[in-house]
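# Chain and residue survey
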Amino acid sequence: MSAPLRLITAAEVTAALLAPTEGGSALDAEEVAQLVMAMAPAAAAWGRQRQLRLDAYALSHARHDDRPFSWSPLTARRTLGLPAVRSCVWGLASNPSDGVALEVERLEQRLADGRERNGSLAHWLSTAPLGASAQAMSQATAYATELWVAVRWSELGTHPTVGAPDDVVAHPDGGFVLRGRAEVRLATKRAAAHPSGGEVRLLILPGGPTEASAITLGAAALAATLASRDRVPPARMVGLFGAQGQAVVLEVTPSALRRSALGVNARVLQLAAQMQPNQAM
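Reading guide: rules and limits
Here the residue numbering is sequential within each chain, running from 1 through the sequence in written order. It should be noted that, the model being predicted, local features are given only for residues of pLDDT at least 70 and side-chain atom pairs only at 80 or more, the latter also being counted only at that level, while totals for whole chains, interfaces and linings use all residues. Only hydrogens and water are set aside; all other atoms, that is, all heavy atoms of the structure, feed into the side-chain values. The helix count covers DSSP runs of H or I at least four residues long, the strand count covers runs of E at least two residues long, and both are numbered beginning at the N terminus. A radius of gyration in this sense is built from C-alpha atoms; the matching globule rule multiplies 2.2 Å by the number of residues raised to 0.38. Think of it in three bands: residues with accessible area under 20% of the maximum for their type are buried, residues over 50% are exposed, and the middle band is partly exposed, with areas taken using a 1.4 Å probe on protein chains only. The contact criterion used is simple: two residues touch if any of their non-hydrogen atoms lie within 4.5 Å. Using the Shrake-Rupley algorithm and a 1.4 Å probe, accessible areas are obtained, with residue cover drawn only from the displayed protein chains. For two strands to count as paired, DSSP must find a minimum of two bridges between them. In summary, the pairing rule links any two rings of Phe, Tyr or Trp, Trp by its six-membered ring, whose centres are within 6.5 Å, and it sorts them by plane angle into stacked for under 30 degrees, edge-to-face for over 60 and tilted for everything else. Note on geometry: axes are lines fitted to C-alpha atoms, helical ones only across the stretch in contact, with angles between N-to-C directions running from 0 to 180 degrees.

### Side note on the overall build of the chain
Scanning the chain from terminus to terminus reveals eleven helices and nine strands. Its C-alpha atoms give the chain a radius of gyration of 19 Å, near enough to 19 Å, the size a compact globule of 281 residues would have. Overall size of the chain, expressed as C-alpha extent along the three principal axes, is 55 × 50 × 35 Å. In the chain, which comprises 281 residues, the share counted as buried stands at 47%. Within the chain, contacts between residues separated by at least 24 positions form 73% of all contacts whose residues are at least 6 apart in sequence. Just so you have it, the chain exposes about 13500 Å², and 54% of that area is on carbon and sulfur atoms.

### So, unusual backbone geometry
Look at Arg231: it is not a glycine, yet its phi comes out positive at around 60°. Relative to the assigned elements, Arg231 resides in the loop between α9 (212–227) and β8 (236–241).

### Comments concerning the sheet that holds β8
Spatially, β1-β9-β8-β7-β6-β3 is the arrangement adopted by the six strands of the open sheet, whose pairing is mixed. This sheet does not close on itself; its edge strands, each paired only once, are β1 (5–9) and β3 (161–162). As defined by bridge partners, β8 adjoins strand β9 (residues 246–251) across six bridges and the pair is classed as antiparallel. Each bridged residue has a counterpart across the sheet, and for Arg236 the counterpart in β9 is Glu251.

### Looking at the packing of aromatic side chains
Taken as a whole and assessed by the stated rule, the structure comprises two aromatic pairs. Ring plane angle 85° and centroid distance 5.0 Å describe the contact between Phe69 and Trp71, whose orientation is recorded as edge-to-face. Relative to Trp153, the ring of Trp148 lies with its centre 5.8 Å away and its plane at 15°, an arrangement referred to as stacked. Taking relative accessible area as the criterion, Trp153 reaches 11% and is therefore assigned buried.

### Notes on the sheet that holds strand β4 (residues 167–170)
Strand order in the open sheet formed by three strands is β2-β5-β4, and the pairing between neighbours is mixed. What marks the edges here is a single partner per strand, and that holds for β2 (52–54) and β4. The sheet shows a mean angle of 20° between the axes of neighbouring strands, direction not considered. Looking at chain direction, β2 and strand β5 (residues 176–180) are connected through three bridges and run parallel. Residue Leu52 lies in a different strand from β5, and its bridge partner there is Phe176. Sheet strands touched by helix α10 (residues 254–274): β2 and β5. Its angle to β2, the strand with the most contacts, is close to 135°.

Function cannot be inferred from these measures alone, as they are strictly geometric.
What follows is the structure, given as structure tokens:
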């Protein structure tokens, strides 16, 4: 594993979420400018004509998927799964399967009330073949179960934020949009010497721990920092590989953010090199 990452077991995820943090201090204007500058070569290499959506898939797989978004069991699983976990945390559902069913009922009611547009997940579920919608619910239940069993929720005290809008920030020179996300966001205890420590974020990551895990976690922290008004970075990122029974921890320090910016830059340059010259511009 890369030096900044610490490998733990899935059973230790709750302890990683609750441990006091030492990061989370706001960046000043010069620090922000340095992070942006570190990614400037990548923005120039990709060009303004065709903007790159730099998400966890592109970062971890070093592949660019420019197909238009469409709903499928795979793309629906997180959108259904996170509200299912939220319902379990709030005591509205007794297990992830019931939570998914509750979310599907909510979407069906919104569709019946005319509050959903064409192209929404609710609309897709109502028109998709029965097998596809059943598969979407099955995958969402598996996804939600992976998150639900990994955390001892009763120990978290106040309700954490389960699911939140993605952090999206466009590089000012064009070229790419950096998108970060987190399954759980938690305000944690501050270390005595660092009273300004910030959020801890938990992400579900595919497969198992690799060198790319540092890029994925770091880029999510970078996106959160640059997208926030106060420029306060998360203090710690925890990546969960539920199927592998493992997790990785990244303490978000100024140096970790700089490494993340350089890692994002290297990944975009790698993606740009894979494109034909007439496609990259």
